[in-house]
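Overview (structure and organization)
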Amino acid sequence: GRQLNWSEQRHVFNLKECNIFLKPYSLKFALKKNSVWCYYKVVIPTGAILDGSSVPSLVRAILNDDYHNGAWEVHDAGYISEGQEVDYKGWLIPKLSRKEWDLVFKEVVKLNGAPKFQLFAAYRGLRLGGWVTWNKRPNPNRFITIDPHR
């Protein structure tokens, strides 16, 4: 059977293979580009479906998932946008490069208090293996939402 897990954050329902957002998730952040601070906002709507933190099991044994809360959501949204701006059916995702999305992930993990070793390992893992997901053929249903309260 399916393994069910209710996230401590209470905004995501985990079905092992995917996460369903029970309420909207948003994050405001800033990135420095060419010596200028640029401000962004990501919104993931209620009912959105994302695959979550795709950490290989070998790395998962070393890293504490608690530090990734809040980071994987925005990172997944950035990756499914394929570097394009999205403003569609409650989704709001700015246009950023893969490296910029990885840096956003790193900064959120850092803000969550991850020890330097775990921060380094998580970020290096993204930089080394993230290209596989970034270059994957896009799923035409990637911005689909469902009613999670039915």
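Scroll up to find the structure.
My aim in this report is to walk through the structure given alongside it, one point at a time. (Residues numbered from 1 in each chain as written. Predicted model: local features only at pLDDT ≥ 70, side-chain atom pairs only at ≥ 80, totals over all residues. Heavy atoms only, no water.)

1. Topic: the overall build of the protein chain
Of regular secondary structure, the protein chain possesses four helices and eight strands. When the elements of the protein chain are put in sequence order from the N terminus, they spell out β-β-β-β-β-β-α-α-β-β-α-α. When the 150 residues of the protein chain are sorted by exposure, 41% land in the buried category. Restricting to contacts in the protein chain with at least 6 residues of sequence separation, those with at least 24 account for 62%. Only carbon and sulfur atoms are counted for the fraction: they give 53% of the accessible area of the protein chain, which is about 9400 Å². (Helix = DSSP H or I, 4+ residues; strand = E, 2+ residues; numbered from the N terminus. Buried < 20%, exposed > 50% of the residue type's maximum accessible area, 1.4 Å probe, protein only. Contact = heavy atoms within 4.5 Å. Areas by Shrake-Rupley, 256 points an atom, 1.4 Å probe, with all protein chains shown as cover.)

2. Examining the nonpolar core
Of all hydrophobic cores here, the largest spans 32 residues; its most connected members are Phe-29, Ile-44, Trp-91 and Trp-101. For this core, the secondary structure elements donating two or more residues are β4 (25–33), β5 (36–44), α2 (71–80), β8 (91–93), α3 (98–111) and α4 (116–134). Ranked by residue count, the leading element in this core is α2, at six residues. Filtering out sequence-adjacent residues up to four positions away, Trp-91 remains in contact with Val-43, Ile-44, Pro-45, Ala-48, Leu-50, Ala-77, Ile-80, Val-86, Arg-142, Phe-143, Ile-144 and Thr-145. (Core = buried A, V, L, I, M, F, W, Y, C linked by side-chain atoms within 4.5 Å.)

3. Description of unusual backbone geometry
You will see that Ser-35, though not glycine, has its phi angle at about 70°, which is positive. Its location among the elements puts Ser-35 in the loop between β4 and β5. By relative accessible area, Ser-35 is classed as exposed at 68%. The backbone of Glu-82 sits at a positive phi, close to 55°, despite the residue not being glycine. When you line up the elements, Glu-82 lands in the loop between α2 and β7 (86–88).

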